[in-house]
Amino acid sequence: MSDSYIRLIPDDQRWQPTVEAAASAAAYVAELFYGQGDAVERVEVTFYDRVTLIDAGEYTTRIACSRCEADISLDWLGDVVRENGGASFDSLDVLVPCCGAAAELDSLHYEEPIRFARFEVSAMNPTRARSELDGTELARVAQLLGHPVVQVLAHY
Ligand SMILES: [Zn+2]
């Protein structure tokens, strides 16, 4: 069994909407995927106290160093998260394993987007044929939230 998610996040990793704006955006996303009042509970809103890694699950297949361009193993990222005690970070500063450079986690190159945010709207198992939001829909979510958004498609 596996689950697909759409994760909608502000394009500024520290920005958070108001609770009211978050609820409006979530209601709109729920409408897109489930129709009026149907299974709306599968759309979730999450506020994170700290900057949090928003990953793409199995879709993330490759990480490359932003300094030396060497491949970095996914296991390394898993270890970073484990040592940090979770995916929410006080600081994104790391020493990369390839060349030992000091870098920020959000500066590494990810084959499928990994982003960082303090807020997300996530829709589990999107049920319509086209799962991604188009430009118009993303613009509407951004308008409701009050900030530009990006989407991360994830599969676990
Ligand atoms: Zn490197």
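Note that the structure is predicted; figures quoted are calculated from it, not measured.

Peer 1: Is there a simple way to explain the domain arrangement of the chain in this structure?
Peer 2: In many reports, interface size means the accessible area that the parts give up when they come together. What the domain assignment lists for the chain is domain 1 (1-60 + 112-156) and domain 2 (61-111). Each of domain 1 and domain 2 was reduced to a C-alpha centroid, and the two centroids are 24 Å apart. Between domain 1 and domain 2, the residue contacts involve 13 residues of the former and 14 residues of the latter. Across the interface of domain 1 and domain 2, roughly 1,200 Å² is buried in total on both sides, 56% from carbon and sulfur atoms. The three residues of domain 1 that bury the most area against domain 2 are R50, T60 and F116, which together make up 42% of that side's buried surface. Counting across the domain 1 and domain 2 interface gives one salt bridge.

Peer 1: What am I meant to see in the coordination of the zinc ion here?
Peer 2: For a metal with four tetrahedral donors the ideal donor-metal-donor angle is 109.5 degrees, whereas six octahedral donors ideally subtend 90 or 180 degrees. Protein-derived ligands of the zinc ion are C65 (SG), C68 (SG), C98 (SG) and C99 (SG), with the metal-ligand distances lying across 2.3 to 2.4 Å. Classification of the site at the zinc ion rests on its four donor atoms, whose angles at the metal span 100 to 119°, yielding the label tetrahedral. Counting gaps between the donor residues of the zinc ion yields the pattern C-x2-C-x29-C-C. With C68 in the loop between β3 (63-64) and β4 (71-72) and C98 in the loop between β6 (93-95) and β7 (102-104), this pair connects stretches of sequence that are 30 residues apart. You can call C68 partly exposed: its relative accessible area is 35%.

Cut-offs used in this document
Residues numbered from 1 in each chain as written. Predicted model: local features only at pLDDT ≥ 70, side-chain atom pairs only at ≥ 80, totals over all residues. Heavy atoms only, no water. Domains from an automatic or database assignment. Contact = heavy atoms within 4.5 Å. Buried area = accessible area lost by both parts, 1.4 Å probe. Salt bridge = Lys/Arg side-chain N within 4 Å of Asp/Glu carboxyl O. Donors = N, O, S within 2.8 Å, 3.2 Å for Na, K, Ca; no water. Tetrahedral: all angles 85-135°; square planar, octahedral: opposite > 155°, others 65-115°. Helix = DSSP H or I, 4+ residues; strand = E, 2+ residues; numbered from the N terminus. Buried < 20%, exposed > 50% of the residue type's maximum accessible area, 1.4 Å probe, protein only.

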